[in-house]
2 protein chains.
Amino acid sequence: MKEILSNISITVNNHIYLKNPESSGLGKRILEGSIDLLDELGFEAFTFKRLADRISSTEASVYRYFESKHKLLLYLTSWYWAWTDFRLFISLANIPSPEERLKRAINLLTSPVQKDISITHINEEKLHRIVIAESSKSYLTKEVDEENEEGVFYNYKKLVQRVCDIIFEIDPKYKYPHMLISTVIEGSHHQRFFAEHLPRLTDTSKKEDAIVFFYTDMVFQSLRAKQDKKLKS
Amino acid sequence: MKEILSNISITVNNHIYLKNPESSGLGKRILEGSIDLLDELGFEAFTFKRLADRISSTEASVYRYFESKHKLLLYLTSWYWAWTDFRLFISLANIPSPEERLKRAINLLTSPVQKDISITHINEEKLHRIVIAESSKSYLTKEVDEENEEGVFYNYKKLVQRVCDIIFEIDPKYKYPHMLISTVIEGSHHQRFFAEHLPRLTDTSKKEDAIVFFYTDMVFQSLRAKQDKKLKS
DNA sequence: GCAAAAAAGATAGTAAAACTATTATATTTG
DNA sequence: CAAATATAATAGTTTTACTATCTTTTTTGC
């Protein structure tokens, strides 16, 4: 995958950074280092000082790229949504049946991220763990409206919309596609976190992937309620 | 309601506080003041210094009740789950049909909190907004396992279990009751936040309460998938 | 009603976090 | 190679998140 896609790149809204971290070696070290450290320490204990030490740079240099650790988190999650949207696009290409496309979409959104699908210097497996544990902190703030106006959540909305478009093909009358899909995305992340840390809030069975199964079923049952087509679930 | 229930009180795991805030006037002012301030400022900008100023006390005095603002948030959310569990208990009393009980439970878990159901000095309407915007920060931390062992999430688990018990009555074979209910609770909170701040991630229709309807439908459709009883949805 | 105990207030102080500013040294680019 | 730009090194500020100490007020048990 690396070969084929070496000339595509993931873009993130430029209100999120001061200087594009993809534009320099230090910028890339900041991204790599912050993914490692956020995964190790969590958002609360993560600081630019610690990041600078880890990548053998200085606090002041990191501040030239991102105005705060909150913006850095926003960058990483936004990158993740763009990357997920891109993978989704590929996964759905040339599949004529909307039901099959929806099934593949849910599968991609709710499955764990495997190491081997990396396309860049970014460790997507670690990034996935960061998104699970930290991404809701990127919008559950008092600055959300302001930042939303700047377009920093565009990549997330775009991904949700892409899946909603499939639902529209299956049932143009279905009233809650966005609610359904954002519930699937946020929900599956929460369930992965619960499975690891608060197992009594979920139902873990190690054999099959209960999370993928549950949300696939949930979506198709919710849609079947509104229409009575046969589904290849 | 205030009259009838004046002798019941909500209990919170004692690992969460240093001194029980319900045991003194200052403690109650801390609870009241923190609910006001958290609602106004959000968790990030909330500090014990600001809280102390607001309630005309001192930082040091607040620290005698809670060892950190994180523990205070944990207290408030835990209180909220106990209160919700209590309301649920009442709402389900003497309703024989498990389907009807489940419907009432989903309704209670996904509806907005109205002012008039207050039983204490706590402003439950504000607390509900805090739970929506901040409660996931109480467990999305690196300390979650440690704190979970101390039992600080017990009230949340208990609430989820209570609803799972109803599902068991309806369909003892259903495999994912905890996933279903925690998805409903977390999901409905997220959707309320989205409706206000990120509307493109949800489907708002101001007339009826789309969120209650959506999750009720979701639950009953998910269960109908596994069984074919008639439901009064 | 009073003494002892406990709670709260007043004040001060520390370590670290979250930045900003300045100057010097590399590195890039035209 | 000069000029521009990026990074490093260093230092400083303000705020947060606490801890410590001492005094005053309130509670309580007799």
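A brief look at the structure comes next. (Residues numbered from 1 in each chain as written. Chains lettered and ligands numbered in written order. Predicted model: local features only at pLDDT ≥ 70, side-chain atom pairs only at ≥ 80, totals over all residues. Heavy atoms only, no water.)

## A closer look at the overall build of chain A
Inclusion rule: Under the scheme used here, helices are H or I runs from DSSP no shorter than 4 residues and strands are E runs no shorter than 2 residues, and both carry numbers assigned from the N terminus. What the globule rule says is 2.2 Å times the number of residues to the power 0.38, and the radius of gyration is computed from C-alpha atoms. The buried label goes to any residue with under 20% of its type's maximum accessible area, the exposed label to any with over 50%, and the partly exposed label to all in between, with areas taken from a 1.4 Å probe on protein chains only.
The helix and strand inventory of chain A stands at 10 helices and 0 strands. Along the chain direction, N to C, the helices and strands of chain A fall in the order α-α-α-α-α-α-α-α-α-α. Over its C-alpha atoms chain A spans a radius of gyration of 19 Å, differing by no more than 12% from the 17 Å that the globule rule assigns to 233 residues. Here chain A holds 233 residues, and the buried ones make up 59% of them.

## Some words on the protein's contact with DNA strand D
Put simply, the rule reads: Here, proximity means that at least one heavy atom of the residue falls within 4 Å of the molecule or strand. Counted as a polar contact is a pair of N or O atoms within 3.5 Å, where, for protein atoms, one must be capable of donating a hydrogen and the other of accepting one, and residues adjacent in sequence contribute only when both atoms are in side chains.
Of all residues adjacent to DNA strand D, which total 18 residues, the nearest are Ser57 and Tyr65 of chain A together with Arg50, Glu59 and Tyr63 of chain B. Here the atoms of DNA strand D within 4 Å of the protein split so that 61% fall in sugar or phosphate, with bases taking the remainder. The contact in question runs from a base nitrogen of DNA strand D to an N or O atom on the side chain of Glu59 of chain B, over 3.1 Å. Counting residues per element, the ones that place at least two in the surface near DNA strand D are helix H3 (59-63) of chain A together with helix H3 (59-63) of chain B.

## Here's the deal with the packing of aromatic side chains
Quick reminder of the rule: A pair of aromatic rings is counted whenever rings of Phe, Tyr or Trp (Trp by its six-membered ring) have centres within 6.5 Å, and the orientation is called stacked for planes under 30 degrees apart, edge-to-face for over 60 and tilted otherwise.
In this structure the tally under the stated criterion is 28 aromatic pairs over all chains. Taking the centre distance of 4.9 Å and the plane angle of 70° together, the rings of Phe48 of chain A and Tyr63 of chain A count as edge-to-face. Placement of Phe48 of chain A in helix H2 (residues 48-54) and of Tyr63 of chain A in helix H3 is noted, with a sequence separation of 15 residues between them. Since its relative accessible area comes to 39%, Tyr63 of chain A is described here as partly exposed. Note on Tyr80 of chain B and Trp83 of chain B: the rings are 5.9 Å apart at their centroids and 55° apart in plane angle, and the pair reads as tilted. With Tyr80 of chain B and Trp83 of chain B both in helix H4 (residues 69-92) and 3 residues apart, this pair spans about one turn of that helix. Pair check on accessibility: Tyr80 of chain B and Trp83 of chain B agree, each one buried. Put simply, the rings of Trp79, Tyr80, Trp81, Trp83 and Tyr156 of chain A touch in pairs and so form one group of aromatic residues.

## Focus: the side chain of Ser136 of chain B
Applicable threshold: Should any heavy atoms of two residues lie within 4.5 Å, those residues are counted as being in contact.
Here Ser136 of chain B lies in the loop between helix H6 (124-134) and helix H7 (144-149). The exposure class assigned to Ser136 of chain B is buried, which follows from its relative accessible area of 3%. The contact partners of Ser136 of chain B, leaving out residues within four places of it in the chain, are Ser136, Leu140 and His190 of chain A.

## Quick look at the pattern of salt bridges
Keep this limit in mind: Salt bridge, as used here, is a side-chain nitrogen of Lys or Arg placed within 4 Å of a carboxyl oxygen of Asp or Glu.
Across all of its chains, the model carries 24 salt bridges over all chains by this definition. What you see here is one network of salt bridges that share partners, running through Glu44, Glu134 and Lys137 of chain A.

## So, a negative patch on the surface
So the rule is basically this: Patch definition: residues above 30% relative accessible area lacking any salt bridge, with like charges linked at up to 9 Å and the nonpolar side chains Val, Leu, Ile, Met, Phe, Trp and Tyr linked at up to 5 Å. Working definition of accessibility: Shrake-Rupley area with a 1.4 Å probe, residue cover restricted to the visible protein chains. Only four residue types enter the charge count, namely Lys and Arg as positive and Asp and Glu as negative; His and the chain termini do not. For the purpose of locating charges, the reference atoms are NZ of Lys, CZ of Arg, CG of Asp and CD of Glu.
Taken together, Glu143, Asp145, Glu146, Glu149 and Glu150 of chain A together with Glu196 of chain B make up a surface patch of like negative charges. For the negative patch, the element with the most residues is helix H7 (residues 144-149) of chain A, which contributes 3 residues. Residue placement: Glu146 of chain A occurs in helix H7. For Glu146 of chain A, a relative accessible area of 59% gives the class exposed.

## Structural notes on the interface of chain B and chain A
Stated precisely, the cut-off is as follows: By buried area we mean the combined loss of accessible area, with a 1.4 Å probe, across both parts when two parts are placed together.
Taken together, the contact pairs 56 residues of chain B with 56 residues of chain A. At the boundary of chain B with chain A, total buried surface from both sides reaches about 4,700 Å², with 63% on carbon and sulfur atoms. Taken together, the connections running from chain B to chain A amount to 0 salt bridges. Applying the counting criterion to the chain B and chain A interface returns 22 residue pairs in polar contact (both at pLDDT 80 or more).

## Focus: unusual backbone geometry
A negative phi holds for most residues other than glycine; trans holds for most peptide bonds. Residue and element names in this part refer to chain A. Of note, Asn94 is a non-glycine position whose phi angle comes to about 65°, a positive value. Its place among the elements puts Asn94 in the loop between helix H4 (69-92) and helix H5 (98-110). Judged by relative accessible area, which is 79%, Asn94 ranks as exposed.

## Re the protein's contact with DNA strand C
Stated formally: Side-chain classes follow a simple rule in which Ala, Val, Leu, Ile, Met, Phe, Trp, Tyr, Cys and Pro form the nonpolar group, Asp, Glu, Lys and Arg form the charged group, and the remainder, Gly included, forms the polar group.
With respect to spatial proximity, 17 residues lie near DNA strand C, and among them Arg50 and Glu59 of chain A together with Ser57, Arg64 and Tyr65 of chain B are the closest. Contact distances for DNA strand C include 3.2 Å between a base nitrogen and a side-chain N or O atom of Glu59 of chain A. Ser61 of chain B is positioned with one of its side-chain polar atoms (N or O) 3.3 Å from a phosphate oxygen of DNA strand C. Where the surface near DNA strand C is concerned, the elements lending two or more residues are H3 of chain A together with H3 of chain B. The biggest single contributor to the surface near DNA strand C is H3 of chain A, with 3 residues. Its residues assigned to classes, the surface near DNA strand C shows 5 nonpolar, 6 polar and 6 charged.

## Quick word on the relation of the copies chain B and chain A
Here is the rule we go by: For the least-squares superposition of copies, only C-alpha atoms count, and only for residues with pLDDT at least 70 in both.
Each copy superposes on the other: chain B lies on chain A with an RMSD of 0.0 Å after a rotation of 180° and an axial shift of 0.0 Å. Considering both components of the superposition, the chain copies are consistent with a two-fold axis. For chain B, the minimum C-alpha distance to the rotation axis belongs to Gln221 of chain B and amounts to 2.8 Å. When you check the interface residues of chain B against chain A, 100% turn up at the interface there too, and the contact is symmetric in its surfaces.

## Here's the deal with the nonpolar core
What counts here: Buried residues of nine kinds, namely Ala, Val, Leu, Ile, Met, Phe, Trp, Tyr and Cys, make up a nonpolar core once their side-chain atoms join them within 4.5 Å.
In this structure, Leu102 of chain A together with Leu102 of chain B are the most contacted members of the largest nonpolar core, which totals 148 residues. Excluding its chain neighbours within four sequence positions, the residues that come into contact with Leu102 of chain B are Val163, Ile166, Ile167, Ile170, Val219, Phe220 and Leu223 of chain B.

## Looking at the environment of Leu109 of chain A
Residue and element names in this part refer to chain A. In this structure, Leu109 sits in helix H5. With relative accessibility at 6%, the residue Leu109 sits in the buried group. Separated by 80 residues in the primary sequence, Leu109 and His189 place their C-alpha atoms 9.2 Å from one another.

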